[in-house]
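Here is how the chains run, residue by residue.
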Amino acid sequence: MAGSLSFMQRRDHKTAWRFLAPSLFLYSLYVIFPIFFSMYLSLTQWDGVSSQVLPLCIGSDSSCFQNFIDLWQDDVFWMSLKNNIAWLLFFSLSAPLGLALALLFHVKARAASFYKSLLFMPMVFSLVVVGTIWSWFLQPEFGLVEFLLKGVGLLGAGENFTMMASERWATAGLIAAAAWPHAAYCMVLYLAGLSNLQKNVIEAAEIEGVSKWQMLWFIILPMLRPATIIVVIVTMIGALRAFDLISIMTAGGPANSSNVLALYMYQQTFENFRYGYGAAISVVLFAISLLLILLYLKQTLKDETGRS
Amino acid sequence: MKLLKVIGLGLACFASTAFAASGELVINSMHSDPTSKKAFETILSEFKKEHANINVKVNTIDHESYKVQIRTWLPNNPPDVATWFAGNRAKFFVEKNLVEPLDDVFSATAGQFSAGALSAISFNGKKYLMPTNYYHWGFYYRKDLFQKAGINAAPKTWDELLSAAQKLKAAGITPIAIGTKQAWPAAAWFDFINMRVNGYAFHMNLLAGKGSYSSPEVKKTMATWAQLVKVGAFPETAAAMTWQEASALMWQGKAAMYLMGNFISSEIPSAVKAQVEFFPFPTIDPKIPTAQVAPTDVYFIPAKAKNKANAKLFMSFLARADIQQKYNEVTGLLPVNTQAKIDTKNSFLKSGQQILGQATGLSQFFDRDAEPEVAKVGMDGFVEFLRHPDRTDAILNRIETTRKRVHR
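Residues numbered from 1 in each chain as written. Chains lettered and ligands numbered in written order. Predicted model: local features only at pLDDT ≥ 70, side-chain atom pairs only at ≥ 80, totals over all residues.

On to the overall build of chain B. A count of helices and strands for chain B gives 18 helices and 14 strands. Its C-alpha atoms give chain B a radius of gyration of 22 Å, near enough to 22 Å, the size a compact globule of 408 residues would have. Summarising its shape, the C-alpha atoms of chain B cover approximately 70 × 50 × 45 Å along the three principal directions. By the burial criterion, 49% of the 408 residues in chain B qualify as buried. (Helix = DSSP H or I, 4+ residues; strand = E, 2+ residues; numbered from the N terminus. Rg over C-alpha atoms; globule rule 2.2 N^0.38 Å. Buried ≥ 20, exposed ≤ 12 C-beta atoms within 10 Å, placed from the backbone.)

For the rest of this paragraph, the subject is the overall build of chain A. Along the backbone of chain A there are 14 helices and zero strands. When the helices and strands of chain A are listed from N to C terminus, the series reads α-α-α-α-α-α-α-α-α-α-α-α-α-α. Scaling as 2.2 N^0.38, a compact globule of 308 residues should have a C-alpha radius of gyration of about 19 Å, whereas chain A reaches 25 Å, well beyond that. With the C-alpha coordinates of chain A rotated into their principal frame, the extents come out at 80 × 75 × 30 Å. Counting across all 308 residues of chain A, residues that qualify as buried make up 32%. Counted over contacts in chain A with a minimum sequence separation of 6, partners at least 24 positions apart contribute 67%. (Contact = placed C-beta atoms within 7 Å.)

Residues and elements named next belong to chain B. Strands sit in the order β8-β9-β7-β10 across an open sheet of four strands; the sheet is mixed. Strands with a single pairing partner mark the edges of an open sheet, and in this sheet they are β8 (174–177) and β10 (276–279). Sheet twist, expressed as the mean angle between neighbouring strand axes with direction ignored, is 25°. In this structure, β8 lies alongside strand β9 (residues 255–261), joined through three bridges in parallel fashion. Of the residues in β9, the one forming a bridge with alanine 177 is tyrosine 258. Across the face of the sheet, helix α12 (residues 243–251) comes into contact with β7 (137–142), β8 and β9 while running at roughly 145° to β8. (Pairing = 2+ DSSP bridges. Axes fitted to C-alpha atoms, helices over the stretch in contact; angles between N-to-C directions.)

Moving on, we get to the interface of chain B and chain A. Taken together, the contact between chain B and chain A spans 21 residues of the former and 22 residues of the latter. For the side of chain B that touches chain A, the elements supplying multiple residues, two or more each, are α3 (63–76) and α17 (372–387) of chain B. Per-class residue counts for the side of chain B that touches chain A are 10 nonpolar, two polar and nine charged. (Nonpolar A, V, L, I, M, F, W, Y, C, P; charged D, E, K, R; others polar.)

In this section: the sheet that holds strand β13 (residues 334–335) of chain B. Residue and element names in this part refer to chain B. Spatial strand order, β2-β1-β3-β12-β6-β13: six strands in an open sheet with mixed pairing. Bordering the open sheet on either side are β2 (55–60) and β13, each of which pairs with just one other strand. Of the strand pairs in this sheet, strand β6 (residues 130–134) and strand β12 (residues 296–300) are connected by four bridges, and their pairing is antiparallel. Paired with proline 131 across the bridge in β12 is valine 298. Strands in contact with helix α2 (residues 34–50) are β1 (24–29) and β2; relative to β2, the strand with the most contacts, it is inclined by about 170°.

Our next topic: the pairing of β10 of chain B. Across a regular strand the side chains alternate sides, sitting on one face of the sheet and then on the other. Residues and elements named next belong to chain B. Only one face of β10 is covered, namely the face carrying Val276 and Phe278; the face carrying Glu277 and Phe279 is uncovered. As defined by bridge partners, β7 adjoins β10 across four bridges and the pair is classed as antiparallel. Pairing of tyrosine 140 across the sheet is with phenylalanine 278, part of β10.

Residue and element names in this part refer to chain B. Taking 1.5 Å as the rise per residue, helix α15 (residues 347–358) with 12 residues should run 16 Å; its terminal C-alpha atoms sit 17 Å apart, in good agreement. Listed in full, the buried residues belonging to α15 are Phe348, Leu349, Gly352 and Leu356. What you see down the axis of α15 is that its buried residues fit within an arc of 95°, all on one side. Structural note: α15 exposes Ser347, Gln354, Gly357 and Gln358 on the side pointing more than 90 degrees away from its buried face. Where the residues of α15 are buried, they touch β6, β10, β11 (292–293), β13 and β14 (362–363). (Expected span 1.5 Å × (residues − 1). Arc of directions from axis to C-beta.)

Residues and elements named next belong to chain B. In terms of burial, β9 is a largely internal element, seven of the seven residues being buried. Pairing between β7 and β9: five bridges, direction antiparallel. Bridging across to β9, tryptophan 137 finds its partner in glycine 261.

Attention shifts here to the environment of glutamine 147 of chain B. Following the sequence through the fold, glutamine 147 of chain B ends up in helix α7 (residues 143–148). For glutamine 147 of chain B and tyrosine 327 of chain B, which are 180 residues apart along the polypeptide, the C-alpha to C-alpha distance reads 38 Å.

All names here are of chain B. Taking 1.5 Å per residue, 17 residues should reach 24 Å; α2 reaches 25 Å between its end C-alpha atoms and fits that length. Every buried residue of α2 is listed here: Ser36, Ala39, Phe40 and Ile43. Down the axis of α2, the buried set is contained in an arc of 95°. They therefore lie on one face. Exposed side of α2, more than 90 degrees from the buried face: Pro34, Lys38, Ser45 and Lys49 are the residues found there. Contacts from the buried residues of α2 go to β1 and α14 (321–331).

The next subject is the packing of helix α9 (residues 184–198) of chain B against α17 of chain B. All names here are of chain B. For the pair α9 and α17, interaxial distance at closest approach is 8 Å and the crossing angle is 85°. On the basis of their axis angle, the class for α9 and α17 is roughly perpendicular. Of α17, the residues touching α9 (which contributes Trp184, Ala186, Ala187, Trp189 and Phe190) are Gly378, Met379, Phe382, Val383 and Leu386. (Parallel < 35°, antiparallel > 145°, perpendicular 65-115°, else oblique.)

What follows is about the nonpolar core. In terms of nonpolar packing, the biggest core is built from 182 residues, with Tyr258, Val298, Phe300, Met315 and Phe382 of chain B touching the most fellow members. The element best represented in this core is helix α8 (residues 170–194) of chain A, accounting for 13 residues. Excluding its chain neighbours within four sequence positions, the residues that come into contact with phenylalanine 382 of chain B are Ala183, Ala186, Ala187, Trp189 and Phe190 of chain B. (Core = buried A, V, L, I, M, F, W, Y, C linked by C-beta atoms within 7 Å.)

The next point concerns the packing of α17 of chain B against helix α18 (residues 392–406) of chain B. Residue and element names in this part refer to chain B. Two elements in contact, α17 and α18, have axes whose closest approach is 9 Å; the angle formed by their N-to-C orientations is 175°. As summarised for this structure, α17 and α18 are arranged roughly antiparallel, according to the angle between their axes. Each of Glu373, Val374, Val377, Gly378, Gly381, Glu384 and Phe385 in α17 lies in contact with α18, whose residues at this interface are Thr392, Ile395, Arg398, Ile399, Thr402, Arg403 and Val406.

Now for the environment of lysine 376 of chain B. Mapping lysine 376 of chain B onto the fold places it in helix α17. On the basis of neighbour counts, which here come to 21 C-beta atoms within 10 Å, the residue lysine 376 of chain B falls in the buried class. Spatially, the C-alpha atoms of lysine 376 of chain B and alanine 188 of chain B are 14 Å apart, while their sequence positions differ by 188 residues. The residues touching lysine 376 of chain B, leaving out its near neighbours within four places in the chain, are Gln267, Glu271 and Asn272 of chain A.

Don't take any of this as a statement about function, it's just geometry.
Now the structure itself:
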């Protein structure tokens, strides 16, 4: 059939394009165009005010990629990148946590729905609210965690809970706060997956007498694969675009030790008014996200086709 | 609310182009907090009484959005009057020819503004901004805690400050409160110590991007500051606290001193009000004349304003002593016009007027005097310094690298 579509098929294609047109238009305007415009801006040194924006190498002897050269020598950029990697590694722990919660509460009982709603609650909050609540928890002097630690005697009377003031541990506090709503999100995705399992397969396995762990590992997890794909992708994206929570809880501090690329991009662009440099950071962030997700999707598709 | 403001702004811009001839005056203001909004409304009603034929429209935009948005509307579709900051933040726009000179307006009030105040609003020999209010910085301290630690008088010299810190530390009281979750409170320390060690001219030159941060002078500033850090004068939890949270340490009696702007004086809880007093930043080198930090709020006329005649009327109005007095009776800040009177029962305002009047120079604050990028790297560096004074050289080199790139 290659090369020759039937009349009906061709008409279907036309109709399909017509239906797609409005969303394709908006998608290009708000997603595709800004991506390429950012790439263009990353070659300039726009300050947000001047009306003329030319790439750096036009009319001067500096390199078009000066922003990227500066990035390479920027300690805060590397610190942010390192923190983004920490986010990718540790934020993804919320996925197994979500799975565990989903398995625990996937029973038909009134109490289970009550706990599910409680767990889902943080997902409904805006991340700004989550950040505010957690900064209160982790607050030295007045915070809940310090109060509890003093209560059980882990902190002496004159001592303070200094996690969020520490360059080493602030990011850990941030990831813990971010994992709270995200684990709930993963739980919901897995709960949806669990309710779509093929019952006859599970029954057959039960008759065969498999152990609980075998059931989980060889039957349930493979059947949850579609849910897992979504969970992994939203978790990766979540870790890479972490921004609001950090902005609220530490603003990247102390001394940039908890900064990440998305926040650093914002600070450079809208606080320091280096639109070009900010765009260069966003281009790097975009490249990393694209690479990770392409790799993951490619692997997933290969597995899928390999199996069928 | 924000959407309404944006729509309002849009309509105002449209309206100002449509009826330019009929006595319009469009003012964009970033003073969105209740107090300064009320202060502005007070004098605005006065202006409307005096000029009933002018139709005044005010767009109040929240502070942070204003700072971003001004870059869009100022070159393209500006109002007739806008609020801003004195010093380098304004210089940026002045150098891009976006601000109208005001020398003719100032001629009516000659001699009523101090030389220090005028230096913050003049660029290349011309006056561009109308200063309406400023406030002073210095130490707020708990008298009762000082007595408890056996300190009899407020420190006047650096050595006295150091020994006070040691005594407080020994008495189990945090000597100096500071919250650096937002980095700026740390910068006040740099401003003051640098001005006291190296002088006002050196400081302003450095922040204007013309001096080196890795110079021996700046290293001396940091070494002086480090003496206090090494005594353990600052709380180790500083980086996890905002400036308000840190002030709670003082209200609760856990900390004894706080280097802050006078806006803190309106937040002192009534329970400890009687115990809180003020002393100016101590002398470090007696040979150096005393300068102060005094962030100044200003109004200006954009170069592309449509109703410049009305805008100038408004500027002359703002310059008057009686108007500045009315305005600052509400704001609780100090009027810049020296003939305006202040509430002499307010001891904080009195000290403020005194120290600013005697100052040989007024700086605007680190993040207003330095370029935004240098300010950001600098303030992050100062926060790091408070925890790791041993990293001074690396921190100064980092600031210097940024300065060189920005001012190349």
